[in-house]
Number of protein chains: 2
Amino acid sequence: MKINLDRESRTPLYLQIKNQVRQLILGRVLQPGYRLPPERKLAAALGVNRSTVVNAYRELEADGLIESHVGRGTVVKYVPDRESGDEAYSTVQPPAWKNLFSSRASRMFNPFISDMLELVTSEDTISLAVGVPAREFHPSEDFNNIISGLINKEGGCLFEHGPTAGHYPLREYLAQFMRNKGIQAGPDNIIILSGSQQGLDLAAKVLIEPGDPVVIEEQTYMGAIQVFATAGARILSVPMDEEGMRLDILEQLVSRYRPKLIYTQPTYQNPSGITMSGSRRRDLLRLVYRFHVPVIEDDPYSELCFEGGPVSSLKSLDAADHVIYLSTFSKMLFPGLRLGWMAAPADLVRQLLMAKQLDDLHTNSLAQWAVNKYCREGLLQGHLEKVRGEYHKRRDAMLASLAEYAPSGLRWSRPAGGFHVWCRLPEGVQAGSLLAYSVEKKVAFVPGGIFYANGGGKEMFRLSFSRCSPARIRKGISIICDALRDLSNTGPDHKKDTRHVREEGQLF
Amino acid sequence: MKINLDRESRTPLYLQIKNQVRQLILGRVLQPGYRLPPERKLAAALGVNRSTVVNAYRELEADGLIESHVGRGTVVKYVPDRESGDEAYSTVQPPAWKNLFSSRASRMFNPFISDMLELVTSEDTISLAVGVPAREFHPSEDFNNIISGLINKEGGCLFEHGPTAGHYPLREYLAQFMRNKGIQAGPDNIIILSGSQQGLDLAAKVLIEPGDPVVIEEQTYMGAIQVFATAGARILSVPMDEEGMRLDILEQLVSRYRPKLIYTQPTYQNPSGITMSGSRRRDLLRLVYRFHVPVIEDDPYSELCFEGGPVSSLKSLDAADHVIYLSTFSKMLFPGLRLGWMAAPADLVRQLLMAKQLDDLHTNSLAQWAVNKYCREGLLQGHLEKVRGEYHKRRDAMLASLAEYAPSGLRWSRPAGGFHVWCRLPEGVQAGSLLAYSVEKKVAFVPGGIFYANGGGKEMFRLSFSRCSPARIRKGISIICDALRDLSNTGPDHKKDTRHVREEGQLF
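The rules behind these values
- Residues numbered from 1 in each chain as written.
- Chains lettered and ligands numbered in written order.
- Predicted model: local features only at pLDDT ≥ 70, side-chain atom pairs only at ≥ 80, totals over all residues.
- Heavy atoms only, no water.
- Helix = DSSP H or I, 4+ residues; strand = E, 2+ residues; numbered from the N terminus.
- Rg over C-alpha atoms; globule rule 2.2 N^0.38 Å.
- Buried < 20%, exposed > 50% of the residue type's maximum accessible area, 1.4 Å probe, protein only.
- Contact = heavy atoms within 4.5 Å.
- Buried area = accessible area lost by both parts, 1.4 Å probe.
- Salt bridge = Lys/Arg side-chain N within 4 Å of Asp/Glu carboxyl O.
- Polar contact = N/O pair within 3.5 Å; in protein donor to acceptor, adjacent residues only side chain to side chain.
- Nonpolar A, V, L, I, M, F, W, Y, C, P; charged D, E, K, R; others polar.
- Least-squares fit on C-alpha atoms with pLDDT ≥ 70 in both.
- Expected span 1.5 Å × (residues − 1).
- Axes fitted to C-alpha atoms, helices over the stretch in contact; angles between N-to-C directions.
- Parallel < 35°, antiparallel > 145°, perpendicular 65-115°, else oblique.
- Left-handed = near helix turned anticlockwise from the far one by under 90°.
- Pairing = 2+ DSSP bridges.
- Phe/Tyr/Trp six-rings, centres within 6.5 Å; stacked < 30°, edge-to-face > 60°.
- Arc of directions from axis to C-beta.

S.K.: For the overall build of chain A, give the residues involved together with the corresponding values.
M.R.: Across its full length, chain A carries 17 helices and 17 strands. The C-alpha atoms of chain A give 30 Å as radius of gyration, which overshoots the globular expectation for 508 residues (23 Å, by more than 25%). Along the three orthogonal principal directions, the C-alpha set of chain A runs to about 95 × 60 × 50 Å. Each of the 508 residues in chain A was classed as buried or not, and the buried ones make up 61%.

S.K.: Explain the interface of chain A and chain B to me, and be specific about the residues and the numbers.
M.R.: With 123 residues of chain A at the contact, the number on the chain B side is 124 residues. For the chain A and chain B pair, buried surface summed over both sides reaches about 11,000 Å², with 57% attributable to carbon and sulfur atoms. Looking only at chain A, the three residues that lose the most surface to chain B are Trp97, Phe159 and Leu358 of chain A, adding up to 8% of its buried area. Applying the counting rule to chain A against chain B returns six salt bridges. Note that lysine 205 of chain A is salt-bridged to aspartate 201 of chain B, the shortest N-O span being 3.1 Å. Our enumeration of links across chain A and chain B arrives at 38 residue pairs in polar contact (both at pLDDT 80 or more). The dominant element in the side of chain A that touches chain B, judged by the number of residues it contributes, is helix H13 (residues 346–360) of chain A, at ten residues. When its residues are assigned to classes, the side of chain A that touches chain B shows 51 nonpolar, 42 polar and 30 charged.

S.K.: Help me get a handle on the relation of the copies chain A and chain B, residues and values and all.
M.R.: The two copies are related by a screw operation: chain A maps onto chain B through 180° of rotation and 0.1 Å of translation along the axis, at an RMSD of 0.1 Å. Taken together, the rotation and translation relating the two chain copies correspond to the operation of a two-fold axis. Considering only C-alpha atoms, the part of chain A nearest the rotation axis is serine 148 of chain A, at 3.4 Å. A share of 100% of the interface residues of chain A reappears at the interface of chain B, consistent with the copies meeting face to face through the same patch.

S.K.: An account of helix H6 (residues 140–154) of chain A is needed here, citing residue identities and associated values.
M.R.: Compared with an ideal rise of 1.5 Å per residue, which puts 15 residues at 21 Å, H6 of chain A spans 20 Å between its outermost C-alpha atoms and is within 8% of the ideal. Here H6 of chain A has its buried residues at Ser140, Phe143, Asn144, Ile146, Ile147, Ser148, Leu150 and Ile151 of chain A. Among the structural elements, helix H14 (365–376) and helix H15 (379–405) of chain A together with helix H6 (140–154) and helix H14 (365–376) of chain B are those in contact with the buried residues of H6 of chain A.

S.K.: Which residues make up the packing of helix H8 (residues 196–207) of chain B against helix H13 (residues 346–360) of chain B, and what values do they have?
M.R.: How two helices pack is summed up by the angle between their axes together with the distance between the axes. Residue and element names in this part refer to chain B. Two elements in contact, H8 and H13, have axes separated by 9 Å at closest approach and are oriented at 115°. Classified by the angle their axes make, H8 and H13 are roughly perpendicular. Handedness of the crossing formed by H8 with H13: right-handed. Contact with H8, carried on its side by Gln198, Asp201, Leu202, Ala203, Lys205, Val206 and Leu207, involves Leu348, Gln351, Leu352, Ala355, Lys356, Asp359 and Asp360 of H13 and no other residues of that element. Classifying every residue of the contact of H8 with H13 gives seven nonpolar, two polar and five charged.

S.K.: Run through the sheet that holds strand S17 (residues 460–464) of chain A, naming residues and quoting values.
M.R.: Strand pairing in a sheet is mediated by backbone hydrogen bonds. Such pairs are either parallel or antiparallel. Residue and element names in this part refer to chain A. Spatial strand order, S13-S14-S17-S16: four strands in an open sheet with antiparallel pairing. Both outer strands of the open sheet, strand S13 (411–412) and strand S16 (446–447), are each paired with one neighbouring strand and no more. Taken together, the five bridges between strand S14 (residues 420–424) and S17 define a ladder with antiparallel strand orientation. Within the sheet, the bridge partner assigned to tryptophan 422 lies in S17 and is arginine 462.

S.K.: Help me get a handle on the packing of aromatic side chains, residues and values and all.
M.R.: Residue and element names in this part refer to chain A. With the rule as written, the count across this model stands at 30 aromatic pairs over all chains. When the centroid spacing of 5.4 Å and the interplanar angle of 70° are considered together, the rings of phenylalanine 137 and tyrosine 391 count as edge-to-face. A residue pair is termed long-range when its members are at least 10 positions apart, and phenylalanine 137 in the loop between strand S3 (126–127) and H6 and tyrosine 391 in helix H15 qualify at 254 residues. The pair phenylalanine 137 / tyrosine 391 is uniform in exposure class, with both members buried.

S.K.: I'd love a proper account of helix H2 (residues 39–46) of chain B, names of residues and values included.
M.R.: Residues and elements named next belong to chain B. Turning to H2, its buried residues are Leu42, Ala43 and Leu46. The arc enclosing the buried residues of H2, seen along the axis, measures out at 100°, which places them on a common side. Those residues of H2 that are exposed and angled more than 90 degrees off the buried face are Arg40, Lys41, Ala44 and Ala45. Where H2 is buried, its residues meet helix H1 (13–26) and helix H3 (50–62). One or two steps after H2, the chain reaches glycine 47, where phi turns positive at roughly 70°.

S.K.: Quick rundown of the pattern of salt bridges? Include the residues and the values.
M.R.: Under the counting rule described, the total for this entry stands at 57 salt bridges over all chains. Put simply, arginine 467 of chain B and glutamate 160 of chain A hold a salt bridge, and the shortest N to O gap is 2.9 Å. Pair noted here: arginine 467 of chain B is in the loop between strand S17 (460–464) and helix H17 (470–490) and glutamate 160 of chain A is in the loop between H6 and helix H7 (168–179), and the two residues belong to different chains. Here arginine 467 of chain B matches glutamate 160 of chain A in class, with each residue buried. Put simply, aspartate 283 of chain A and arginine 286 of chain A hold a salt bridge, and the shortest N to O gap is 3.2 Å. Highlighted residues: aspartate 283 of chain A and arginine 286 of chain A, both in helix H11 (residues 278–291), separated by three residues, approximately one helical turn. One network of salt bridges, with partners in common, ties together Asp201, Lys205 and Asp359 of chain A together with Asp201, Lys205 and Asp359 of chain B.

S.K.: So what about the pairing of strand S1 (residues 66–69) of chain A? Which residues, and what values?
M.R.: Residue and element names in this part refer to chain A. One ladder, built from four bridges, connects S1 with strand S2 (residues 73–76); its direction is antiparallel. Paired with serine 68 across the strands is threonine 74, a residue of S2. Taken together, S1 and the strand that follows it, S2, pair antiparallel across an intervening segment of three residues, in which glycine 71 is found at a positive phi of about 90°.

S.K.: A description of the side chain of threonine 230 of chain A should follow, citing residues and the corresponding values.
M.R.: Structurally, threonine 230 of chain A can be placed in helix H9 (residues 222–230). If we ignore the near neighbours within four places in the chain, the residues touching threonine 230 of chain A are Arg104, Arg107 and Met108 of chain A together with Leu358 of chain B.

S.K.: Report on the sheet that holds strand S6 (residues 234–238) of chain B, specifying residues and quantitative values.
M.R.: Residue and element names in this part refer to chain B. Spatial ordering of the open sheet is given by S4-S12-S11-S10-S9-S5-S6, a layout of seven strands whose pairing is mixed. Edge strands, defined here as strands with exactly one partner in the open sheet, are strand S4 (190–193) and S6. For this sheet, the mean angle separating the axes of adjacent strands, direction not counted, is 20°.

S.K.: Can you tell me about the pairing of strand S12 (residues 340–343) of chain B, naming the residues and giving the values?
M.R.: Residue and element names in this part refer to chain B. Side chains Gly340 and Met342 of S12 all project onto a buried face; the interleaved residues Trp341 and Ala343 project onto the opposite face, where all are buried too. Sheet analysis places S4 next to S12, joined by four bridges and oriented antiparallel. Residue pairing for S12: leucine 193 is matched across the bridge by glycine 340. Sheet topology places strand S11 (residues 323–328) next to S12; four bridges connect them, and they run antiparallel. Paired with serine 327 across the two strands is tryptophan 341, which belongs to S12.

S.K.: Give me the lowdown on the environment of valine 311 of chain A, citing residues and values where you can.
M.R.: Inspection of the secondary structure assignment puts valine 311 of chain A in the loop between strand S10 (295–298) and helix H12 (314–317). Expressed as a C-alpha distance, the spacing of valine 311 of chain A and lysine 181 of chain A, which sit 130 residues apart in the sequence, is 8.7 Å. The residues contacting valine 311 of chain A, other than those within four sequence positions of it, are Thr267, Tyr268, Thr275 and Arg281 of chain A together with Arg22 of chain B.

S.K.: So what's going on with the environment of methionine 354 of chain B? Residues and values would help.
M.R.: Residue and element names in this part refer to chain B. Positionally, methionine 354 belongs in helix H13. Judged by relative accessible area, which is 16%, methionine 354 ranks as buried. Through-space distance from the C-alpha of methionine 354 to that of valine 206 is 9.3 Å; in sequence the pair is 148 residues apart.

If you want it as structure tokens, here you go:
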């Protein structure tokens, strides 16, 4: 039993002894039944009066942590503080938690994202499942330098509370960044988020009443579906064609249900890779102006553009403040910092800030300062140029391998940017079966069903090309295609694909 | 007009020109009406074929960004992409946001914390208002070394997604940390939070249905009041005495209303500084076992103990899993990292994790790794020893200055740890009036009203001693006491204090 006394301390010696023994007992270093040294002996060892040890032991005994037995000396009791030793409470049941849950809790479902986040770190699988930047492109060295520089120069500032809306210089930077995309928003229209997922949660808290209709694209980001469903929204799905959300269907839904919100990812959509055309964007705005429906434009991928040049965001086309813009550094840089932002009209910002304050007070300060410095040193643009080229190569490798290996009947999209290729299986084959086959061969992808709010998508799957080298992508695709051939030939759910083929392999 | 062409790029030259001119127009570098160089001239300047520039200009014109006039050449149009130029939509009104808000949003109130967070950074005021660690104690250098070491050694890992429950080694560390306090919880019972505020928000989401009764201490952390109120809870306040929550009143409320939750800060409570006695803790547990009411124990301050030795947490006494334990690194270390944690029974953890995933996927990875390393290198214990001593001195300075300067009738608490001293004004003086006087003299504190859910507290105020040196505390207290004397002598709300004085200055 090791006790260290600090004779300079204001804490009396007997209390120092008591506290240290207490910690040893609670931490199970001293087990129940352990015999403590006799008072006189411990006093001698520590160089204190016997009465000091007597006082310490007396307090420990009063706390029920030790007990004295004639003959056996002083021994440690079994964590006696806990009520478990108390006869009357030995039968108390823990609360039946599930019966205490709110109706909101009962609407939460499918912790699939968590599972996927854990998959990211598995090394021996070719993961075409996660749409996350490749580790080898993370600008770790630059961030190391920036963070060190900041800590040396700014000292404690980085560790302090900051404003709920976020670090002002970063908001200024983002205002300029968006201005370069044609979006007019000042720093006061911007909220820095702990990841863009938080923006969805805040918008749902502030805008969605249980029962409110919310429109989404038929297949979309599952984190958005989950947030809206948990908020109790009635979810309405609009099918997409190669130009994006189908406005003929949207108009029917909007005029019938007057939704509270439309959620769209117009650029390099997850999972479909579709980009909404310019004329579709203008027509969408005309439609929402007519019915006064706010739109959330979720735009995580627009900087990762390979072809066709940058696309005008919905927000940049919006003349009447109907669009709430949401983006993130998770795809441009890396996701671990949890840093996103939203731009919204002032009336809405005020209310979103109240919700954010209740949620986490504000976003991690160090992350905000570091990203601000990184961007202001011009490093973001260089990084984006580099990764755009690399992801472009990976997309090309995926498309080329699909063209080379795909059995007839498999269709896929050709995204002009972003991370995802969206595939449709030949009739009669289900993505779940294919995944089971592929995972055995150490290749993972995401079956389509989870991107649908209301069922469907069993024949669809998503391939993400961001995490793997072109060679691994090639290998992964060839394995998946082999698995698909096996499954088509032998599987019980195989039927011949007879649908019209627009062009070999093309989905949209 | 500066254009840089990259002849190695896969992007065709005409598109490079188009994209760069587009960005100059959208970024307002080229103003509406600006005349672009003639095609032939630009082609010569860039060393490209004229047709390349013609194609670029044609696309820009198709996008509505420029227009050709016979005689005037090619000029920039006024951000013509925006629908504002469209006659039919020039009169479209932005959405009437306030009418779109949810009933949850309408329950959010008082963005006082945001205001306080901004006050932290004001230099010329003696702030006794914020209960936040002093900047001069932030272990910046240690964190700098740790973060650099981590980035060099772990590379990209730190920037990756992590599990929703948090970095496993940190959860293991915290399990041991809590075990040393007598709390039995494994890593799987622990969720790392983006600040402990998030824990309150998650618990409210998972457990509170609008209308559910929730019990709080009569004066308590305003962030908790706000979260429960926003969730639609019916808030029941229990008065406190010097041993904590009054159980005679609590029993009445519990047996009548069967609350969904009891929220308590039993140790060095904010704002009162009161510590619940050991016997009160045991009696509280007996009471909640009888009625099966879960308890949230919010424990941010227990490591900042000056007197009387460590206190056994409620959770350590709980034999039947009724207590949800919540804590944070914000008071032990610093708040800017937004890092807290909660420990809860497995059934509840599962549901809380679903809620956390919808909220922010997971907490900032770098912050988690850095704090884990810091703790595992044994630096936390040393830091706590140091700051305990420093805050002890600051508390003593505050109590001594109050004893020296306070006019008769002012009462204050003597906290054994934490950051806060709780004061009652002489009858007839209101804290709001005193604050107005004090702020003019550059001293700030928090008037008591905001710590009460259901009105009251106008004669109370909170002094926090964490942020200022003993000398500044002394100066601040003397200024407040002078202000109080002025106000008592001249103020319209002055009456003579006639209440019984238990002991000079003592509140509890």
